[in-house]
Each structure stands twice: as C-alpha cells, then as structure tokens.
Amino acid sequence: MEQGAVSGSGPVSGLGVRSVSVRYGDQTAVDRVDLDVPRGRVLALLGPSGCGKSSLLRAVAGLEPLASGSITFDGVDLAGVATHRRGFGLLFQDGQLFAHRDVAGNVGYGVPRGQGRAARVAELLGLVGLPGFERREVATLSGGERQRVALARSLAPRPRLLLLDEPLSALDRSLRERLADDLRRVLLATGTTAVLVTHDQDEAFAVADEVAVMVSGSVPQVDTPERLWSAPATRQVAELLGYQAFVPADAPVARLLGGPGLGQLTLAPGALVLDPDGPLHGDVLRCVPRRGRLDVTVAVAEIGAVTVWARLGETVGQTVRLRVETAAVGRIRG
Amino acid sequence: MLGEPTPARLRDRPWVARTAWTLAAGVPLAFLVVFFALPVVAMVGRGFVVDGAVDLTGFTEVFSRPRTWRVVGLTLLQATLATVLCVLLGVPGAHTLYRARAFRGRAALRAFVTVPFVLPTVVVGVAFRALLQPSGPLGFLGLDHTLTAIVAALVFFNYSVVVRSVGGLWERLDPRAVQAARALGASPLRAFFTVTLPALAPAVASAASLVFLFSATSFGTVLVLGGTRFGTVETEIWVQTTQYLNLRAAAVLSVTQLVVVAGVLAVVARTQASRERALPMIEPGRREPDAAGEPGSRVVTVAAATVTGAVVVAVAMPLVALVLRSLRVGDGWGLDHYVALAAPARGLGVSALEAAVTSVRVAVDATLIALLVGGLLALVLSRRPARPGARRALAGLDGLVMLPLGVSAVTVGFGLLLTMARPFGLDVDLRTSPLLLPVAQATVAVPLVVRTVLPVLRAIDPRQREAAATLGAGPGRVLATVDAPAGLRALGLAAGFAFAASLGEFGATSFLVRPNDPTLPVVVFRLIGRPGLDAAGQATAAAVLLAVLSAVAVAVFERLRSRTVGAQW
C-alpha cells in the first residue's frame with residue numbers, strides 16, 4: 001500500500017489528525033483533537049466510556065462527518081473520500097462477521113477475486129491461529145475465534161491503517177490477555193499501522209507503542225506507557241491511570257515522596273509499603289482480599305487514602321507504619 | 001488490495017448516489033401517486049365538487065340518513081368484536097404454536113392456521129355460506145346472514161395475524177426474565193401478567209390494530225355473507241356506486257373510512273415504534289427457549305393448548321364444509337361441479353378454468369409490479385439518512401405507503417375508471433388496457449411487500465454495512481453483499497403474499513375487470529348470485545380451485561421464510 005505517487009516525499013507519513021471535532025446535534029463528542037500515527041506504529045486511544053474515543057475512530061474511518069479540522073494520510077487530506085476508498089480497516093468490538101458467509105467468505109471479502117485470494121485467506125487464518133477454518137460457519141465459532149476471524153478479515157486487504165474499536169472488550173479476562181499478546185504479535189508481523197481504542201490500560205500498554213489519553217472529548221496527553229505513568233500531564237490523566245492521592249510538590253510531606261519541586265506528586269497503589277520503621281503512619285480503612293494478597297486502604301495524614309499491598313491480615317482501625325516506594329510516585333507538572 | 005488511489009478516483013461523486021436514490025424513491029412514489037392517490041382524489045372530488053365549486057352539503061345529506069349511521073355502527077361493531085375475539089383466542093394460540101415445548105406437527109399446524117389469511121375474501125364468504133346455510137352442516141344453528149356469521153368469518157380470516165405476530169415475539173423472548181420474577185417469589189400467573197404480558201403488549205396492540213383495520217375494511221366476505229341487512233362502509237360504498245350511482249354518498253363514505261383508517265394506522269405506527277424498543281431476546285438460531293422450565297407453567301400450557309385445539313377444529317369446519325358442498329351433486333356425491341368448471345358458465349361467456357388462467361396471468365403481472373415498487377420502497381425506507389430533512393421525508397413516505405391497505409379498494413377501482421379515461425388530458429383511453437387491472441391489484445399488494453421486506457432490511461445492523469465499507473466495498477457492493485442476501489429471501493416471501501392478494505382481490509377488480517375476461521373471484525361472486533343448486537355447487541367448486549391456487553402460491557414461497565427473520569405477517 002505504498003502511497004509514494006500521491007504524497008511524494010511528503011512532510012508527514014502515516015495518519016494525521018488536525019484539530020478534529022465531531023458533534024452530534026449540539027453535543028461535542030470530540031473537541032479539537034490532534035494526533036499523529038507514523039507508519040508502522042500502533043497508537044492506543046485510552047479513555048473512559050463516553051469520552052469520544054469511538055467517535056474519533058469512526059471519524060478517521062469516514063463513518064462520522066467532521067464538524068471541523070482535517071484528517072490526512074501521508075499528507076493527503078481525506079475530506080470527501082468515502083470510507084471504502086480510504087484503505088483503512090476497522091475491527092468492531094463484536095466483530096460484525098457476515099453470518100451468511102463462511103469463514104473464508106468473510107476473510108476474503110476485502111481481497112480482490114483471483115488466484116491469490118485463497119492463499120491470502122489461508123495465510124491470514126494461519127497468522128491468527130485458526131489454520132484450516134475456511135469452511136466453518138460463523139455461527140459455530142466461539143467468541144475468541146470470531147474476533148480472530150474478524151482480525152484476519154480486516155487485515156486481509158492489507159489496509160494502510162487498521163482501526164480497532166475495543167476489539168477485546170467483549171471477551172472474558174483470560175482470553176482477553178492472551179488475545180492482546182496475539183494482537184501485538186500480528187500487528188508487528190504485518191507491519192500494520194494501527195489505532196486501538198480501549199478503556200483498559202493493560203490492553204493499551206500490551207498492544208501499543210504510544211498511548212493517547214482521551215478525557216471528555218479532548219486528548220491531554222500522548223506518550224509512551226512509561227512516560228505516561230511517570231509523568232501524567234493532568235490530574236484527570238493520573239486518575240484515569242489509577243493514581244489515588246495528590247500532594248502539592250511544595251508541601252512538607254513531599255520531601256518524603258521524592259523531593260520538592262514543581263506541580264503535584266501523585267501516588268499509585270503500591271507507592272506506600274508496610275514497614276515497621278517507615279517514616280509515615282496511617283489508619284487502616286478497609287481490607288479487601290484480591291488474588292492471594294490483601295488490598296489495604298490506608299488513610300495517611302497530608303496525603304489521603306492510598307492502597308497498600310499486604311500479605312498478612314491487617315485489621316480495620318489499626319495504625320500502620322509505611323515507607324515510600326519512590327518509583328511508584330508520579331509527578332504532574334504545571 | 002486497493003490499488004493506487006489517484007486524487008481523481010479518490011473523490012466520490014455524491015451526485016451519482018443522490019441520483020440513484022432519488023430514482024429509487026421517485027419511481028415507486030410516482031407509481032403510487034398516479035395509480036393510487038390521483039384516482040382516490042378524483043373519486044372523492046366527484047363527491048365534493050359540484051359545477052366547479054366545493055360543495056360540502058354531501059356530508060350533511062349522507063350523515064342525516066339513518067342508513068349511514070347504521071352502516072358505520074355495524075362496521076365498528078363487527079371490527080371491534082372480531083378484534084377482541086382474535087386477541088383472546090390468538091394469544092393462547094401464540095403460546096401453544098410458538099412458545100410451548102415443540103410437538104410433532106407443530107409446523108404443520110402453524111401453516112394450517114395461516115391458510116385462512118391467504119384465502120381470497122370471496123372464498124371465505126362462500127365457505128361460511130356452505131357451512132351455515134340451512135342445508136349446510138351447521139344450518140340448524142340458523143346463523144346464515146347474521147352478525148355472528150360475519151364476525152366468525154372475520155375471526156377465521158384474521159386469527160393468524162395475532163398468532164404469528166405475537167408468537168414470533170414470544171418465541172424469542174428471553175425466558176430468564178420470567179425466571180427472575182419467579183425467583184423473586186412471583187406466582188406463574190403474576191409473572192405472566194407483570195413480565196410476559198408487558199413484553200408482548202406492543203405486538204398484541206400492533207396485531208390488534210391490523211385485525212381491526214382488515215375487519216373494518218372487509219369487502220368480499222361481508223358482501224357474500226351480509227346479504228342486504230349487514231354491511232361495512234366498504235360494501236356500502238360499493239352499493240352506493242354500483243346500485244344507486246350515488247357518487248356523492250360514496251365519496252363521503254370514502255372520506256369517512258379514510259379518517260378511521262388513518263387513525264388506526266397512526267396507532268399502528270406508534271406501537272411499531274415502541275416495538276423496536278429493545279427487549280431481552282434470544283439470539284436467533286441459538287437455542288430453543290425452555291418454556292417448560294418455567295415453573296407452574298403446566299396449567300397454562302394445557303389451558304392454552306385446549307383453546308388452540310378448539311380453534312383449529314373451528315378453522316377446519318368452513319373449509320371442510322366448502323369441499324363437501326362442492327362434491328355434493330343432487331342427493332349424491334360426485335365431481336360434476338369440477339367438470340363443469342371447464343365448460344363456459346351460463347351467461348358468463350367464459351369457463352371458470354379460463355377465468356382461473358386470467359387470474360393467474362393478472363396476478364403474475366401484479367406481483368412483478370408490486371415487487372418492483374414495494375421492493376424499492378422498502379430499500380429506500382430502510383435507509384437512515386443523516387440529513388434531518390431526508391429523515392422527515394422518509395417518515396412521511398412510510399405512512400403514505402401503508403394507506404392503500406386501508407383506503408377502500410372500491411374507491412381505488414372506481415377512481416381508476418374515472419382518471420384513466422383521459423389520463424392527464426391525454427387522448428388515450430387506458431380503461432381497456434390489459435395492464436390496468438394488474439396495476440390496480442399491485443397498489444393493494446405494495447403495502448404487503450413493504451411490510452414483509454422492510455423489517456428484514458431494518459434488522460440488519462448498520463455496522464455490517466460499515467464493516468463492508470471499511471473492507472473496500474463501494475455502495476453497490478454493500479447492497480449486493482449485505483442487504484441483498486437478507487432482502488431477497490424476504491422478497492421471495494413477499495412475492496407469495498402479493499400473488500395471493502392479487503389472486504383474491506375483489507374490490508377494485510370488480511370495477512376494472514373486462515366483462516368478457518373476468519377473474520376467478522368475479523366468477524365465484526357471479527355464480528353465487530345465480531339461483532339454482534347447480535350454480536351454487538359450481539360456485540363452491542370454483543372457490544375451492546381459487547383457494548388451492550392461493551394456498552399453493554403461499555406454500556411455495558413460505559418455504560423461503562424459514563431463514564427469514566423479522567417479517568410480520
């Protein structure tokens with residue numbers, strides 16, 4: 001899918017989203033968003049449900065009209081280009097397989113008729129781990145198998161950009177984790193440029209090179225998973241990632257958390273560790289057993305409520321001493 | 001692979017799509033305007049325009065007659081009684097035939113109770129006469145030419161409308177809602193009234209309004225059974241037009257009927273809209289709901305099955321009586337009446353067999369026209385345009401399409417006679433055109449086609465089309481690969497209904513049929529008007545022939561239904 005003839009040595013390769021807004025009536029779902037996805041890279045669009053991430057994805061696919069802004073690929077503006085001419089694939093949450101076609105009929109749908117089609121179908125089915133499934137009826141597939149077939153179908157025409165709309169959300173947890181790894185592997189193996197929409201940060205981090213966080217229509221931060229965790233751009237981003245407590249960096253207690261400075265310090269679960277000699281102390285508010293350990297919520301003066309992981313049975317009302325694991329403290333600048 | 005998109009190819013030409021959709025909407029719309037709306041307007045105009053001036057005294061005149069009030073009252077009474085009975089008998093029928101545990105012969109019983117609905121109305125009338133006339137099997141009841149007979153025939157005809165539309169929903173209702181109610185301590189009866197019935201209510205209401213509509217506009221059945229004492233507004237329009245040549249009275253009655261029908265259609269539209277509200281459904285083809293697993297359902301099951309069994313026997317009786325009467329020759333039995341079908345009937349000039357050939361020929365043409373017009377309309381109506389203006393236009397079109405269901409077919413037929421003498425001032429007389437009759441019958445069949453195909457197209461998840469588009473399929477290929485597979489099966493079923501409807505069409509046909517070339521329902525009607533036992537016997541034989549033709553047509557197309565979901569008849 002080389003676009004050289006059109007773009008030449010254009011300034012930008014890959015997808016460009018410039019100040020894009022999407023509106024439904026007087027409601028703004030996407031508010032002046034800018035994004036870039038260079039060729040061969042995978043970007044995750046992470047946000048809570050209703051934040052506008054799916055609307056943005058549909059706008060990129062050409063399924064929603066833009067209220068403002070532009071969408072380009074390799075520098076070429078896509079305004080007025082219909083969905084089917086964009087060369088973008090789209091994987092839906094529930095696959096949207098064609099029930100009246102068998103597996104091969106689905107996977108081969110976007111591949112031109114010809115000798116290469118059967119081979120391409122077989123190749124893709126092999127890639128997603130379903131070799132020999134060509135003649136199976138869609139109705140006989142399990143949920144995970146359906147999503148694999150849907151992935152194969154959207155990759156078969158070699159889209160220059162693959163859009164994935166919560167592709168794993170309908171599956172159960174263990175299947176989701178396994179398929180997330182497979183998804184990453186398949187995207188790398190095919191060198192596909194992709195945008196993954198998800199509300200699950202584990203999924204985003206497992207699949208994507210970069211993560212764009214979306215909150216109520218706008219994108220406050222685009223970063224690598226590591227940078228996102230160590231330096232969330234705003235308190236909203238930090239909260240979305242699971243940070244629990246926020247402390248001004250010039251507060252007295254900040255010295256214990258990794259030094260004074262600008263902005264705010266923020267604590268994730270595990271940032272405080274039980275230690276009889278620790279400099280901090282707090283009261284146990286709640287204990288919840290989880291996966292063989294205890295999630296203990298501790299109220300710490302000047303910091304707030306933070307989750308501490310424990311092995312032993314702590315009891316509610318008890319006072320515990322704590323030290324700080326500075327690696328799990330983030331800093332919000334500005 | 002998508003090739004090298006060049007800027008010129010990349011840009012879509014929106015006017016191509018817009019032109020195609022305008023044509024798809026415009027052609028059927030023009031058809032309905034010319035062959036339905038204009039004739040109705042012309043007919044109504046005759047009643048209210050006197051010497052070029054609007055004159056509404058017709059209303060006062062017609063409504064000051066006691067006869068008019070009697071007919072309107074009778075129409076409403078018959079339709080109300082028939083509707084109530086259909087619902088009371090149809091809901092248990094829906095349980096037994098669709099919800100309860102499957103039993104041997106269930107599919108056959110489902111098909112059997114549908115038979116009356118596809119029978120030509122004249123045949124229903126003749127069958128009930130055969131059953132109830134003094135010499136018939138139930139003649140001792142003295143019900144011939146009574147209100148009871150008419151209501152019974154209307155229930156016979158419309159029972160399956162309730163069974164099918166309520167049953168279709170009931171069979172897919174998720175049983176876990178009832179199980180949840182039972183687990184919360186509700187008795188089976190309470191669970192039924194608080195969970196099941198509210199879920200079924202939209203289907204019951206929508207079926208009931210359809211039954212009311214069909215009953216209130218019933219023509220052939222009432223004309224045959226009512227004699228001189230009983231009638232509907234529809235038969236009264238016919239009487240006023242053909243016997244008293246009182247076009248003003250006919251026009252007033254047409255308008256009255258139109259108002260009633262429009263009101264009922266508005267109710268139907270509202271209940272249809274609420275029916276599209278999401279209910280917890282079982283995925284099609286996944287598993288049978290285990291109704292037997294609903295605790296305490298045994299009593300309900302047995303009671304419903306008893307009612308349904310009685311209805312099935314009652315449905316069979318007029319059909320059996322009809323066949324018996326057609327085989328009765330003098331004091332013995334024989335096929336004489338069937339043999340006589342091949343000979344020219346006295347005074348008719350043609351044989352019943354020739355009339356059957358005419359009927360089939362006309363019905364084939366009418367079906368093709370109805371499929372083209374109705375199929376295009378369903379396609380256009382299934383779209384969800386983004387522009388609010390286009391949306392409103394579609395909503396209006398949706399209502400307009402249903403009107404031929406309720407507007408007096410007699411009015412359409414007579415109106416066509418009026419407008420086709422010099423259509424648009426052109427100096428051609430289309431009244432003798434062999435296409436006029438199929439066209440008139442097609443206008444009656446178009447709503448059936450739309451109502452069969454449209455729900456199927458609407459049931460397609462719009463994301464299926466989006467998925468196809470992101471795989472590189474243009475609008476044409478999306479239509480061919482996503483809409484067509486479902487739509488064509490529904491269109492096959494619609495063909496059966498359209499064919500049966502035009503085969504039995506009598507209201508408009510009675511005006512437009514060429515005297516030397518009558519269709520089979522016209523021959524049946526003329527034969528029962530004749531004195532003499534032989535004519536009556538021949539009428540029943542011709543009615544059996546007509547019934548068999550209709551049933552075979554629907555049965556052939558019904559086979560296509562099995563994989564079609566969502567059709568509503």
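The rules we used
- Residues numbered from 1 in each chain as written.
- Chains lettered and ligands numbered in written order.
- Predicted model: local features only at pLDDT ≥ 70, side-chain atom pairs only at ≥ 80, totals over all residues.
- Heavy atoms only, no water.
- Helix = DSSP H or I, 4+ residues; strand = E, 2+ residues; numbered from the N terminus.
- Contact = heavy atoms within 4.5 Å.
- Lys, Arg positive; Asp, Glu negative; His and termini not counted.
- Charge placed at Lys NZ, Arg CZ, Asp CG, Glu CD.
- Rg over C-alpha atoms; globule rule 2.2 N^0.38 Å.
- Axes fitted to C-alpha atoms, helices over the stretch in contact; angles between N-to-C directions.
- Parallel < 35°, antiparallel > 145°, perpendicular 65-115°, else oblique.
- Left-handed = near helix turned anticlockwise from the far one by under 90°.
- Nonpolar A, V, L, I, M, F, W, Y, C, P; charged D, E, K, R; others polar.
- Buried < 20%, exposed > 50% of the residue type's maximum accessible area, 1.4 Å probe, protein only.
- Domains from an automatic or database assignment.
- Buried area = accessible area lost by both parts, 1.4 Å probe.
- Salt bridge = Lys/Arg side-chain N within 4 Å of Asp/Glu carboxyl O.
- Pairing = 2+ DSSP bridges.
- Patch = residues over 30% accessible without salt bridge, like charges linked within 9 Å, V, L, I, M, F, W, Y side chains within 5 Å.
- Areas by Shrake-Rupley, 256 points an atom, 1.4 Å probe, with all protein chains shown as cover.
- pLDDT = per-residue confidence, 0-100.

Engineer: Describe the overall build of chain A, with residues and values.
Structural biologist: Tallying secondary structure elements over chain A gives 10 helices and 18 strands in all. For chain A, the share of sequence-separated contacts (at least 6 apart) that also reach a separation of at least 24 residues comes to 65%. Each charge class in chain A can be summarised by its mean position, and for the 37 positive and 36 negative side chains these summaries are 4 Å apart.

Engineer: Kindly report on the overall build of chain B, identifying the contributing residues and their values.
Structural biologist: The helix and strand inventory of chain B stands at 23 helices and 4 strands. For chain B, whose C-alpha radius of gyration is 25 Å, the value lies close to the compact-globule estimate of 25 Å for 569 residues. Taking the principal axes of its C-alpha atoms as reference, chain B extends roughly 75 × 65 × 50 Å. At a minimum sequence separation of 6, the contacts of chain B that also span at least 24 residues come to 79%. Each charge class in chain B was averaged separately, 50 positive and 29 negative side chains, and the resulting centres sit 6 Å apart.

Engineer: Describe in detail the packing of helix 5 (residues 106–118) of chain B against helix 7 (residues 147–170) of chain B, supporting the description with residues and values.
Structural biologist: Residue and element names in this part refer to chain B. Put simply, helix 5 and helix 7 touch, their axes get as near as 7 Å, and they point 125° apart. Overall, the two elements helix 5 and helix 7 adopt an arrangement that is oblique. Remark: the crossing between helix 5 and helix 7 carries left-handed chirality. Together, Val-113, Thr-114, Pro-116 and Phe-117 of helix 5 and Phe-156, Phe-157, Asn-158, Tyr-159, Ser-160, Val-161 and Arg-164 of helix 7 make up the contact between the two elements. Looking at the contact of helix 5 with helix 7, its residues break down into 7 nonpolar, 3 polar and 1 charged.

Engineer: Mind laying out the packing of helix 4 (residues 66–99) of chain B against helix 9 (residues 188–216) of chain B, listing which residues take part and the relevant values?
Structural biologist: All names here are of chain B. At a minimum axis separation of 8 Å, helix 4 and helix 9 run at an interaxial angle of 140°. Considering their axes alone, helix 4 and helix 9 lie oblique with respect to each other. As helix 4 runs across helix 9, the sense of the crossing is right-handed. Across from Thr-75, Leu-76, Ala-79, Thr-80, Ala-82, Thr-83, Cys-86, Val-87 and Val-91 in helix 4, the residues of helix 9 making contact are Val-204, Ala-208, Val-211, Phe-212, Ser-215 and Ala-216.

Engineer: So what about the environment of Leu-448 of chain B? Which residues, and what values?
Structural biologist: Positionally, Leu-448 of chain B belongs in helix 18 (residues 436–458). Taking the C-alpha atoms as reference points, Leu-448 of chain B and His-95 of chain B, separated by 353 residues in sequence, lie 25 Å from one another.

Engineer: Lay out helix 2 (residues 53–61) of chain A with the relevant residues and their values.
Structural biologist: Counted residue by residue, helix 2 of chain A has 8 buried out of 9 residues, so it is predominantly covered. Every buried residue belonging to helix 2 of chain A is among Lys-53, Ser-55, Leu-56, Leu-57, Arg-58, Ala-59, Val-60 and Ala-61 of chain A, and all of these are buried.

Engineer: Describe the domain arrangement of chain A, with residues and values.
Structural biologist: All names here are of chain A. For chain A, the assigned domains read domain 1 (2–87 + 159–236) and domain 2 (243–332). A separation of 34 Å is found between the C-alpha centroids of domain 1 and domain 2. With 8 residues of domain 1 at the interface, the matching set in domain 2 holds 9 residues. Of the roughly 660 Å² buried between domain 1 and domain 2 on both sides combined, carbon and sulfur atoms contribute 57%. Together, Trp-229, Pro-232 and Arg-235 form the three largest contributors to the area buried by domain 1 at its contact with domain 2, with a combined 70%. Where domain 1 meets domain 2, there are 0 salt bridges. Of the residues assigned to the side of domain 1 that touches domain 2, the class counts are 4 nonpolar, 2 polar and 2 charged.

Engineer: Describe unusual backbone geometry, listing the residues and the values that go with them.
Structural biologist: Here Ser-19 of chain A, not a glycine, exhibits a phi torsion of approximately 50°, which is positive. Looking at where Ser-19 of chain A falls in the secondary structure, it is placed in strand 1 (residues 15–24). In this structure, Leu-245 of chain B takes a positive phi of about 50° despite not being glycine. Relative to the helices and strands, Leu-245 of chain B resides in the loop between helix 11 (233–242) and helix 12 (247–275).

Engineer: Mind laying out the sheet that holds strand 17 (residues 319–324) of chain A, listing which residues take part and the relevant values?
Structural biologist: Residues and elements named next belong to chain A. Here we have 5 strands laid out as an open sheet, ordered 13-17-14-15-16, and antiparallel in their pairing. The sheet is open, and its two borders are formed by strand 13 (272–274) and strand 16 (304–310), each paired with just one other strand. Averaged over all pairs of adjacent strands, the angle between their axes in this sheet comes to 50°, without regard to strand direction. Pairing analysis gives 3 bridges linking strand 13 to strand 17, with the strands arranged antiparallel.

Engineer: How would you summarise the sheet that holds strand 7 (residues 161–165) of chain A if you had to cite specific residues and measurements?
Structural biologist: Residue and element names in this part refer to chain A. Reading across from one edge, 6-7-8-3-9-10 is the order of the 6 strands in this open sheet, with mixed pairing throughout. Pairing within the sheet leaves two strands with one partner each, and these edge strands are strand 6 (88–91) and strand 10 (218–223). Along the sheet, successive strands turn relative to each other by an average axial angle of 20°, direction set aside. With 4 bridges joining them, strand 3 (residues 42–46) and strand 9 (residues 210–215) adopt parallel strand pairing. Each bridged residue has a counterpart across the sheet, and for Leu-45 the counterpart in strand 9 is Ala-212. Together, strand 3, strand 6, strand 7, strand 8 (194–198) and strand 9 form the strand contacts of helix 2, whose direction differs from that of strand 7 by roughly 150°.

Engineer: Give a detailed account of a nonpolar patch on the surface, specifying residues and quantitative values.
Structural biologist: Residues and elements named next belong to chain B. A cluster of nonpolar side chains, Leu-29, Val-33, Leu-38, Leu-400, Phe-424, Leu-426, Val-428 and Leu-430, forms an exposed patch at the surface whose accessible area comes to about 650 Å². Relative to the helices and strands, Phe-424 is located in the loop between helix 17 (409–419) and helix 18. By relative accessible area, Phe-424 is classed as exposed at 61%.

Engineer: Give me the lowdown on the confidence of the model for chain B, citing residues and values where you can.
Structural biologist: Residues and elements named next belong to chain B. Mean pLDDT over chain B works out to 83, with 90% of the residues at or above the 70 mark. Taking the mean pLDDT of every element in chain B, the minimum, 44, falls on helix 1 (residues 7–10) and the maximum, 93, on helix 15 (residues 352–381). Here residues 1–10 is modelled with pLDDT under 50, and outside its nearest four sequence neighbours on either side it reaches 22 contacts, counting other chains as well. Note on residues 563–569: pLDDT is under 50 here. Beyond four places in sequence and across chains, it has 25 contacts. This complex was scored by the predictor with a pTM of 0.79 and an ipTM of 0.82.

Engineer: Any chance you could break down the pattern of salt bridges for me, citing the residues and the numbers?
Structural biologist: Scanning all chains against the criterion turns up 28 salt bridges over all chains. Between Arg-58 of chain A and Glu-64 of chain A there is a salt bridge, with its nearest N and O atoms 2.9 Å apart. Like Glu-64 of chain A, Arg-58 of chain A is buried. Here Glu-171 of chain B and Arg-110 of chain B are joined by a salt bridge, their closest N and O atoms 3.5 Å apart. Of the two residues, Glu-171 of chain B is situated in the loop between helix 7 and helix 8 (176–183) and Arg-110 of chain B in helix 5; the sequence distance between them amounts to 61 residues. Since its relative accessible area comes to 25%, Glu-171 of chain B is described here as partly exposed.

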